[in-house]
Amino acid sequence: MTLTRPGRRISALLGGLLLAAATAIVPATASAAPADSAPTNSTPSEAGSILSGNRTQAAAGWLARQLVDGERFEATFDGVTYPDQGLTIDAILAFAAAGVAEQNAAKATTWLARPEILSGYIGDGATNAYAGATAKLLLATEVRGVNPSSFGGVDLPTRLRSLQQPSGRFTDLSPWGDYSNAFSQSLALLALDRSPAGAPAGAVDFLAGARCADGGFPLDFGKPTCTSDADSTAISVQALAATGRPQEAAAGLNWLVGHQLADGGFGTPGAGTSNANSTGLAAQALLSSWRVLPGLTARHFITQRQVPCSGTPATRGAIAYDATGFDPSTATRATAQAVLGLAGTGFAGLSAAGARPDAPNLHCPSPTS
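Note that the structure is a prediction, hence the values are computed from the model and not measured.

### Concerning helix 11 (residues 230–242)
Right, on to step 1. Taking 1.5 Å as the rise per residue, helix 11 with 13 residues should run 18 Å; its terminal C-alpha atoms sit 19 Å apart, in good agreement.
Right, on to step 2. In terms of burial, helix 11 is largely enclosed, as 13 of its 13 residues are buried.
Right, on to step 3. For helix 11, the N-terminal capping position is held by D229, with its side-chain oxygen 3.2 Å away from the main-chain nitrogen of D231.

Pasting the structure below:
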């Protein structure tokens, strides 16, 4: 079961209302992307140029150009550089959502299959195995259309199923402890739902049963107080909708709508401030579930944080983490998750099929125009 990807029908259903709101734009699709509104800090000439382009594809194009050697992301701690497999997978999913950068996505997939890169992320399967990482990689292989049963010599679906406990929860095997959470569980359901055997009923029941009394979902399971979290709720509702639990998914969506902040974005509960990462996930969940108006409002929050033509050429199209503006230390992760909200495609319906090979730039007027 997959979520329906919003398309041009939204404009037909809401046309006059969306025009009056002046903030609503139909989510882009890989094959036929509608125009987008210009950010508030654009000049009139920039606005006309951006209207002719595509925000989603431009954001994904910027993201592709940040990859090291066009294939991977890295992280540096205390002067030591490490491979960042998780962010690389986020980029692969973003490229699929935008329908671009297929060349980079293919190179990144090949890089992830290298034995040292693979085991360093999902574990060796004997002394350590990580549920969330395995599930996320499994989903990426399915989105990419490569064989998940023999990826870098690992049977990813079998590895993931081995990490399910009698309770239905997917947990880590590690001498350093268990770091599994709502993301691990949700990604496992989304990935296994695409497999021939489907998602295990007990695992679906576990996630559904983790719902807080207010309708949202927590990040960590088994805490004395169940505290709903926007990010966890956004991914949990997608997993539950995909696996046939619409009531629990609807409750989570209602919680999201009720906790959208005044600026249209989403953030950490209690913080009172929005960010592009949380808003990207929430917009994705809302739009792919046909919660159109709050979803489009969240999408507008993201577009207002996209670097316009007045930005430097190297930053145009990127998504800033928050209202403070572009910061290279946060923009890569913010853009990777924001693209999914711009596209409005749920994880369950994500596919790289038909993606363009190139990494588009933001359409901007020439200096002489």
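Additional details are given in the paragraphs that follow.
### A look at the state of the cysteines
Right, on to step 1. This model, assessed by the stated rule, comprises two disulfides.
Right, on to step 2. Here C212 pairs with C226 through a disulfide, and the sulfurs are 2.0 Å apart. The disulfide joining C212 to C226 has a torsion of about -80° about its S-S bond and is therefore left-handed. Of this pair, C212 sits in the loop between helix 10 (201–209) and helix 11 while C226 sits in the loop between helix 10 and helix 11, and the two are 14 residues apart along the sequence.
Right, on to step 3. Counting only the cysteines that form disulfides, in the order they appear in the protein chain, gives the pairing 1-2, 3-4.

### Some details on the nonpolar core
Right, on to step 1. If you look at the biggest cluster of nonpolar residues, it comprises 93 residues, and the most contacted ones within it are F95, L137, L256 and F347.
Right, on to step 2. The element best represented in this core is helix 4 (residues 85–98), accounting for 10 residues.
Right, on to step 3. Excluding residues that lie within four positions of it along the chain, F95 makes contacts with A60, L63, A64, L67, V100, A101, N104 and A105.

### Some details on the side chain of S195
Right, on to step 1. Of note, S195 is situated in the loop between helix 9 (182–193) and helix 10.
Right, on to step 2. Setting aside residues up to four positions removed in sequence, S195 forms contacts with E142 and R161.

### Regarding the pairing of strand 2 (residues 80–83)
Right, on to step 1. Sheet analysis places strand 1 (residues 74–77) next to strand 2, joined by four bridges and oriented antiparallel. Across the sheet, the residue bridging to A75 is Y82, located in strand 2.
Right, on to step 2. Hairpin remark: strand 1 followed by strand 2, antiparallel, with two residues in the connecting loop; positive phi at D78, about 50°.

### Quick notes on the packing of helix 9 against helix 10
Right, on to step 1. The geometry of helix 9 relative to helix 10 is characterised by a closest axis approach of 10 Å and an angle of 140° between their N-to-C directions. One finds that helix 9 runs oblique with respect to helix 10. The two elements helix 9 and helix 10 meet at a crossing, and its hand is left-handed. Packed against helix 9, whose contacting residues are Q185, S186 and L189, the element helix 10 presents A203, V204, F206 and L207 at the interface.
Right, on to step 2. For the contact of helix 9 with helix 10, the per-class residue count stands at five nonpolar, two polar and no charged.

### Some points on the layout of surface pockets
Right, on to step 1. The volume enclosed by the largest pocket comes to roughly 620 Å³.
Right, on to step 2. In terms of lining, the largest pocket is formed by 22 residues, of which the most central are D90, K136, F183, L187 and Q337.
Right, on to step 3. A per-class count over the lining of the largest pocket returns 12 nonpolar, six polar and four charged.

### Section: the packing of helix 14 (residues 292–303) against helix 15 (residues 328–343)
Right, on to step 1. Viewed as axis vectors pointing N to C, helix 14 and helix 15 meet at an angle of 135°, and their least axial separation amounts to 9 Å. The orientation of helix 14 relative to helix 15 falls into the category oblique. Where helix 14 crosses over helix 15, the two elements pack in a sense that is left-handed. Where helix 14 approaches helix 15, its residues R299, I302 and T303 are matched on the opposing element by A338, G341 and L342.

### Things to note about the pattern of salt bridges
Right, on to step 1. Under the definition given, this model contains 11 salt bridges.
Right, on to step 2. Where E102 meets R144, a salt bridge forms, and the shortest distance between an N and an O atom there is 2.8 Å. Taken together, the residues span a long stretch of sequence, with E102 in helix 5 (residues 102–112) and R144 in helix 7 (residues 131–144) at a distance of 42 residues.
Right, on to step 3. For the salt bridge of R245 with D205, the shortest nitrogen-to-oxygen distance reads 2.6 Å. Of this pair, R245 sits in the loop between helix 11 and helix 12 (246–258) while D205 sits in helix 10, placing them 40 residues apart in sequence.
Right, on to step 4. The network of salt bridges with common partners includes D69, E71, R72 and E74.

Analysis parameters
Residues numbered from 1 in each chain as written. Predicted model: local features only at pLDDT ≥ 70, side-chain atom pairs only at ≥ 80, totals over all residues. Heavy atoms only, no water. Helix = DSSP H or I, 4+ residues; strand = E, 2+ residues; numbered from the N terminus. Expected span 1.5 Å × (residues − 1). Buried < 20%, exposed > 50% of the residue type's maximum accessible area, 1.4 Å probe, protein only. Polar contact = N/O pair within 3.5 Å; in protein donor to acceptor, adjacent residues only side chain to side chain. Disulfide = S-S within 2.5 Å. Core = buried A, V, L, I, M, F, W, Y, C linked by side-chain atoms within 4.5 Å. Contact = heavy atoms within 4.5 Å. Pairing = 2+ DSSP bridges. Axes fitted to C-alpha atoms, helices over the stretch in contact; angles between N-to-C directions. Parallel < 35°, antiparallel > 145°, perpendicular 65-115°, else oblique. Left-handed = near helix turned anticlockwise from the far one by under 90°. Nonpolar A, V, L, I, M, F, W, Y, C, P; charged D, E, K, R; others polar. 1 Å grid on protein atoms, 1.4 Å probe; cavity = no way out; pocket = protein on both sides within 12 Å on 5 of 7 lines; lining within 4 Å. Points joined across faces, edges and corners; volume = space filled by probe spheres on them. Salt bridge = Lys/Arg side-chain N within 4 Å of Asp/Glu carboxyl O.

Nothing here speaks to function; it is all geometry.
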